[in-house]
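Reading the structure
If you want the building blocks of each chain, they are given just below.
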Amino acid sequence: MDFIKLMQSAQYDFLRTNPRLGNRIILMGLGGSYAYGTNNENSDIDFRGITLNLPSDLLGLTEFEQYEDNSTDTVIYAFNKIIKLLLECNPNTIELLGLDEEQYLIKTPLGQELLDHKQLFLSKRAAKSFGGYASAQLRRLQNAIARDSMPQQEREQHIYNSVKNALEDFRRKNQLLDKGNINIYIDKSDNPEFEIEIFIDAQYQHLPLRDYENMLGAMNSVIRDYDKLGKRNRKKDDNHLNKHAMHLIRLFMMAIDILEKGEIKTHRTKDSDLLKRIRRGDFQKEDRTFSKEFYDMLSDYESRLELATKNTCLPDNPDMEKVEKFVEHVNRKAIEIDSCPQ
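Summary of the structure given here. (Residues numbered from 1 in each chain as written. Predicted model: local features only at pLDDT ≥ 70, side-chain atom pairs only at ≥ 80, totals over all residues. Heavy atoms only, no water.)

Here we take up the overall build of the chain. Looking only at helices and strands, one finds 14 helices and seven strands in the chain. The principal-axis extent of the C-alpha atoms belonging to the chain is close to 75 × 55 × 45 Å. When contacts within the chain are restricted to residue pairs at least 6 apart in sequence, those whose partners lie at least 24 apart make up 70%. Just so you have it, the chain exposes about 19,100 Å², and 47% of that area is on carbon and sulfur atoms. In the chain, the 49 positive side-chain charges and the 56 negative ones have mean positions that sit 1 Å from each other. (Helix = DSSP H or I, 4+ residues; strand = E, 2+ residues; numbered from the N terminus. Contact = heavy atoms within 4.5 Å. Areas by Shrake-Rupley, 256 points an atom, 1.4 Å probe, with all protein chains shown as cover. Lys, Arg positive; Asp, Glu negative; His and termini not counted. Charge placed at Lys NZ, Arg CZ, Asp CG, Glu CD.)

Now the structure itself:
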């Protein structure tokens with residue numbers, strides 16, 4: 001596919017007409033499955049880019065973090081915003097620095113300078129950003145789908161744990177801890193459809209009705225989400241799960257490359273066959289869980305990541321003095337763009 005020609009079509013006119021974009025874009029490339037090399041016939045086309053901040057962002061009172069065009073799945077980050085994300089080895093942004101040459105659609109001299117300085121953003125933070133987050137994401141999703149076939153008692157226990165967490169989070173954020181008490185527990189149910197059921201005992205004084213209603217709503221929303229699990233489109237749901245499983249393994253691959261080799265390798269050319277097999281569902285069993293082969297592979301990547309984190313030559317954190325010097329250099333150029341006659 002000719003992505004540059006597509007980018008020049010009318011549906012991408014915002015890239016040229018928006019005053020924050022246009023000649024301020026220093027880097028833009030492919031995102032999503034086309035960037036990873038795991039795309040299929042149903043894959044969306046995603047573009048990701050970086051644009052310079054306006055002088056008013058740097059010297060005045062305006063603020064800008066990113067521009068999104070949902071109709072084309074395009075996200076353009078402000079330079080200062082993406083620097084903060086890169087410093088954390090954020091997977092969704094640091095991958096923009098690891099594309100193959102032909103995957104870049106726009107690359108100005110400043111964009112090339114950013115690519116030349118990508119080592120500034122590599123640190124042990126990649127282990128947590130890539131590995132830990134990805135692992136937690138898959139396990140939550142896999143467990144949610146597996147719950148469809150759980151016995152009622154086990155399912156209710158899962159719901160109870162989630163409701164309890166939602167309740168505590170709501171009370172803490174809304175400063176209701178000193179307004180009274182609510183006890184949530186599981187007991188034998190009088191409902192013939194349940195063996196056990198979640199109950200609450202509540203005692204509050206002078207609690208605004210709206211706060212109480214919102215608190216109950218936070219708990220009810222968890223129950224509604226669980227009820228939806230058994231009513232989803234299975235084929236669509238399985239595709240969603242397998243896609244997340246694929247990205248889990250891909251994230252481990254990228255994290256290990258960063259920690260072992262100091263390389264950001266977004267386009268997984270050598271790994272594409274394996275990743276596509278995962279996305280196809282080759283590792284999913286009839287009961288919608290994953291095969292032992294998949295979990296063995298996951299365990300191996302977790303061990304490799306742990307070893308890579310222990311033995312990496314990368315620093316614990318980026319060298320902020322060097323980062324700040326580079327950011328200042330780029331932002332001075334950003335101001336000069338508006339100072340020079342067009």
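Structure's up, so let's keep going.
Take the nonpolar core next. Among the nonpolar cores identified, the biggest contains 73 residues, and Leu-15, Leu-27, Phe-47, Phe-121, Phe-130, Ile-249 and Phe-294 are the most heavily contacted of them. Among the elements that make up this core, the one with the highest residue count is helix H11 (residues 234-261) (13 residues). Once residues lying within four places of it in the same chain are set aside, the contact partners of Phe-121 are Ile-83, Leu-86, Leu-87, Cys-89, Ile-94, Leu-97, Leu-114 and Val-323. Of all hydrophobic cores here, the second largest spans 17 residues; its members include Phe-170, Ile-198, Ala-218 and Tyr-226. (Core = buried A, V, L, I, M, F, W, Y, C linked by side-chain atoms within 4.5 Å. Buried < 20%, exposed > 50% of the residue type's maximum accessible area, 1.4 Å probe, protein only.)

With that settled, consider the sheet that holds strand S4 (residues 74-78). Strands sit in the order S3-S4-S2-S1-S5 across an open sheet of five strands; the sheet is mixed. With partners counted over all chains shown, the strands left at the sheet margins are strand S3 (66-69) and strand S5 (104-107), one partner each. With direction set aside, neighbouring strand axes in the sheet form an average angle of 15°. In this fold helix H5 (residues 79-87) packs onto strand S1 (25-31), strand S2 (46-51), S3 and S4, with an angle of close to 90° to the strand it touches most, S4. (Pairing = 2+ DSSP bridges. Axes fitted to C-alpha atoms, helices over the stretch in contact; angles between N-to-C directions.)

Within the fold, Ser-129 resides in helix H8 (residues 125-146). For Ser-129, a relative accessible area of 17% corresponds to the buried category. Excluding anything up to four places from it in sequence, Ser-129 contacts Glu-88, Cys-89 and Pro-91.

Under the criterion given, the structure shown has 15 salt bridges. Between Glu-95 and Arg-250 there is a salt bridge, and its shortest N-O distance comes to 3.9 Å. Taken together, the residues Glu-95 in the loop between helix H6 (91-94) and S5 and Arg-250 in helix H11 connect sequence positions 155 residues apart. Assessed through its relative accessible area of 4%, Arg-250 is described here as buried. (Salt bridge = Lys/Arg side-chain N within 4 Å of Asp/Glu carboxyl O.)

Bringing helix H9 (residues 152-173) into the picture now. With 22 residues, H9 should reach 32 Å at 1.5 Å per residue; the first-to-last C-alpha distance of 31 Å fits that figure. When we look at burial in H9, the residues that qualify are Gln-152, Arg-155, Glu-156, Ile-159, Tyr-160, Val-163, Ala-166, Leu-167, Phe-170 and Arg-171. Considered in projection along H9, the buried side chains sweep an arc of 140° and stay on one side of the axis. H9 presents Asn-165, Arg-172 and Lys-173 as exposed residues on the side facing more than 90 degrees away from its buried surface. Where H9 ends, the next residue or the one after it, Gln-175, has phi of about 55°, a positive value. (Expected span 1.5 Å × (residues − 1). Arc of directions from axis to C-beta.)

Turning our eyes to something else, we now look at the pairing of S2. Of all six residues that make up S2, six are buried, and the element is covered over most of its length. Burial along S2 is two-sided: the face carrying Asp-46, Arg-48 and Ile-50 and the face carrying Phe-47, Gly-49 and Thr-51 are both buried. As defined by bridge partners, S1 adjoins S2 across six bridges and the pair is classed as antiparallel. Bridging from a neighbouring strand, Gly-29 pairs with Arg-48 of S2. Relative to S4, S2 runs parallel, the two sharing five bridges. What sits directly across from Ile-50, in S4, is Tyr-77.

Relative to the helices and strands, Thr-72 resides in the loop between S3 and S4. With a relative accessible area of 4%, Thr-72 lands in the buried category. Reaching out from Thr-72, the side chain makes a polar contact with the side chain of Thr-74 at a distance of 2.9 Å. Apart from residues lying up to four places away in sequence, Thr-72 is in contact with Gln-11, Tyr-12, Phe-14 and Ile-45. (Polar contact = N/O pair within 3.5 Å; in protein donor to acceptor, adjacent residues only side chain to side chain.)

These figures capture arrangement, not role.
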